[in-house]
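Spelled out from the first residue to the last, the chains are:
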Amino acid sequence: MAEASVVVEARAGYRVVTLNRPDRLNAFNEAMHGELRRAVEEADADEACRALILTGAGRGFCAGQDLSDRVFEEGKAPDLSSTLERLYNPLVRRIRSLRMPVIGAVNGVAAGAGANVALACDIVLAARSAKFVQAFARIGLVPDSGGTWLLPRLVGRARARGLALLAEPLTAERAEEWGLIWKAVDDAALMDEAHRLAAHFATQPTVGLALTKQALDAAETNDLDAQLDLERDLQGEAGRTPDYAEGVRAFFAKRPPAFTGRRG
Ligand code: T3D
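Within every chain, residues take consecutive numbers counted from 1 along the sequence as written. A pLDDT threshold of at least 70 governs which residues receive local features in this predicted model, and a stricter bar of 80 or more applies before side-chain atom pairs are shown or counted, although totals over entire chains, interfaces and linings include all residues. Each side-chain value is derived from all of the structure's non-hydrogen atoms; neither hydrogens nor water enter the calculation.

S.K.: Go over the overall build of the chain, please, and point to the residues and values.
M.R.: Helix numbers and strand numbers start at the N terminus; a helix is a DSSP run of H or I with at least 4 residues, a strand a run of E with at least 2. Across its full length, the chain carries 10 helices and 10 strands. The C-alpha radius of gyration computed for the chain amounts to 19 Å, which stays within 12% of the reference 18 Å derived for 264 residues, consistent with globular compactness. The C-alpha extent of the chain, read off along each of the three principal axes, is 70 × 50 × 35 Å. By residue count, 46% of the 264 residues in the chain fall in the buried class. Two residues qualify as a contact provided that any one of their heavy atoms is within 4.5 Å of a heavy atom in the partner residue. Here the contacts in the chain between residues at least 6 apart in sequence split such that 67% fall between residues at least 24 apart. Accessible surface, the chain: about 13800 Å² in total, of which carbon and sulfur atoms supply 55%. In the chain, 33 side chains carry a positive charge and 36 a negative one; their mean positions are 2 Å apart. C-alpha atoms define the radius of gyration, and 2.2 Å times the number of residues to the power 0.38 defines the globule rule. Remark: exposure states derive from per-residue accessible area (1.4 Å probe, protein chains only) relative to the maximum for the residue type, with buried under 20%, exposed over 50%, and partly exposed in between. Accessibility throughout is a Shrake-Rupley quantity obtained with a 1.4 Å probe, and a residue counts as covered only by protein chains that appear here. Counting rule applied: Lys, Arg positive; Asp, Glu negative; His and chain ends not counted. By convention, the charge on Lys lies at NZ, on Arg at CZ, on Asp at CG and on Glu at CD.

S.K.: Report on the site of the ligand, specifying residues and quantitative values.
M.R.: In the region of the ligand, 25 residues are neighbours, and Gln65, Leu67, Arg70, Thr83 and Ala113 sit closest. The separation between an oxygen atom of the ligand and a polar side-chain atom of threonine 83 is 2.5 Å. Contact with the protein chains hides 66% of the accessible area of the ligand, taken as 1100 Å² for the molecule alone. Elements with a minimum of two residues in the shell around the ligand: helix H2 (80–97) and strand E6 (109–111). With 4 residues, the single largest contributor to the shell around the ligand is H2. Looking at the shell around the ligand residue by residue, the class counts come to 14 nonpolar, 4 polar and 7 charged. A molecule or strand has a residue near it when one of that residue's heavy atoms lies within 4 Å. Counted as a polar contact is a pair of N or O atoms within 3.5 Å, where, for protein atoms, one must be capable of donating a hydrogen and the other of accepting one, and residues adjacent in sequence contribute only when both atoms are in side chains. Classification used: nonpolar for Ala, Val, Leu, Ile, Met, Phe, Trp, Tyr, Cys and Pro, charged for Asp, Glu, Lys and Arg, polar for all others including Gly.

S.K.: Tell me about the nonpolar core, and please be specific about residues and values.
M.R.: The criterion is simple. A nonpolar core is a set of buried Ala, Val, Leu, Ile, Met, Phe, Trp, Tyr and Cys residues joined through side-chain atoms within 4.5 Å. Leu36, Leu54, Ile103, Val106, Phe132 and Leu180 are the most contacted members of the largest nonpolar core, which totals 63 residues. Ignoring anything within four residues of it in the chain, the contact list for leucine 180 reads Leu119, Phe132, Leu151, Leu154, Val155, Leu170 and Ala175. Of all hydrophobic cores here, the second largest spans 6 residues; its members include Ala215, Leu230, Leu234 and Ala238.

S.K.: With reference to specific residues and values, describe the side chain of glutamine 227.
M.R.: Examined against the element boundaries, glutamine 227 turns out to sit in helix H9 (residues 224–239). Of the residues examined, glutamine 227 reaches a relative accessible area of 10% and is grouped as buried. Engagement of the side chain of glutamine 227 in a polar contact is seen with the backbone nitrogen of alanine 219, the distance being 3.4 Å.

S.K.: Got a sec to walk through the pairing of strand E1 (residues 6–11)? Specific residues and values, please.
M.R.: Note on pairing: DSSP must find at least two bridges between two strands before they are called paired. Sheet topology note: the E1/strand E2 (residues 14–19) ladder contains 6 bridges and is antiparallel. Residue pairing for E2: glutamate 9 is matched across the bridge by valine 16. With antiparallel pairing between neighbouring strands as the criterion, E1 and E2 make up a hairpin whose turn holds 2 residues, including glycine 13 at a positive phi of roughly 90°.

S.K.: So what about the packing of helix H8 (residues 206–219) against H9? Which residues, and what values?
M.R.: For helices, the axis comes from a line fit to the C-alpha atoms of the stretch in contact; other axes are also lines fit to C-alpha atoms, and the angle between any two N-to-C directions lies between 0 and 180 degrees. Running from N to C, H8 and H9 cross one another at 175°; their axes reach a closest spacing of 10 Å. The orientation of H8 relative to H9 falls into the category roughly antiparallel. In this structure, H8 contributes Leu211, Gln214, Ala215, Ala218 and Ala219 to the contact, and H9 contributes Gln227, Leu230, Leu234, Glu237 and Ala238. Classifying every residue of the contact of H8 with H9 gives 7 nonpolar, 2 polar and 1 charged. Oblique is the label for any angle not under 35 degrees, not over 145, and not in the 65 to 115 range, which are roughly parallel, roughly antiparallel and roughly perpendicular in turn.

In structure tokens, the structure reads:
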């Protein structure tokens with residue numbers, strides 16, 4: 001039987017999803033897309049799952065599209081709009097809107113769509129030896145998987161253009177310095193740190209965190225007026241969760257809150 005191209009490990013309150021095509025630096029093929037989509041859907045459907053770690057097996061995080069599936073004769077170009085529409089765009093939308101925090105644990109090189117899928121995660125940790133490469137320009141393509149939207153917002157116009165047009169590798173430390181990622185950590189400490197964060201999120205008010213993600217995403221396009229209205233609505237929703245009541249009770253009892261992460 002063929003080895004799974006995505007491996008899922010369930011931990012107490014969270015799941016670890018590992019891209020598993022290490023001989024191709026975990027590049028995406030259709031099978032891996034399918035397995036990843038399933039892994040994310042199953043995590044979402046499991047009420048006990050309150051955080052997700054996305055990482056890669058071997059020395060890479062993900063090298064983007066598997067280019068061995070893209071070798072073609074002149075005049076027989078693959079329809080890349082269709083693969084973005086069917087595979088990459090739904091993946092990025094799913095990660096961004098997932099009802100739990102997603103931690104990208106970037107264990108090695110993240111290139112092409114692999115870099116942008118990593119950057120779509122809520123908290124991006126990277127091993128100090130990891131690199132981010134907007135490799136698209138090297139093969140005549142446009143940064144996808146949300147790259148052209150995320151990069152200028154994360155690092156500003158000048159750096160976004162440099163990264164996208166030059167396709168040079170950016171070290172994890174520089175990525176942290178530029179605000180592209182949350183933190184660069186020693187290679188040996190990466191997964192411990194990712195597990196520490198996921199275990200923390202597994203005890204947190206999951207619905208409130210999901211609404212916070214929603215508000216921050218909407219802020220990218222809303223004006224202040226629209227954002228104030230949205231905050232009003234989302235706060236109303238957060239205020240009706242049992243975790244809010246528990247948070248206030250715990251505050252006055254001077255004890256740590258016991259959040260359930262449930263809606264009602
Ligand atoms: O197509 C569509 O549907 C549209 C969507 C596109 C999304 C995209 O992601 S397009 C961009 C595709 N990705 C790339 O262009 C990156 C290609 N890879 C690289 O530039 C380099 O491999 C890296 C910078 C990622 C790492 O370099 P390095 O020197 O550390 O490793 P390497 O020796 O280049 O790669 C190791 C092996 O992985 C090697 O195989 P081998 O020689 O040991 O048998 C290499 O061919 C393979 N590999 C790496 N990336 C890919 C890959 N094989 C297939 N597809 C890859 N993307």
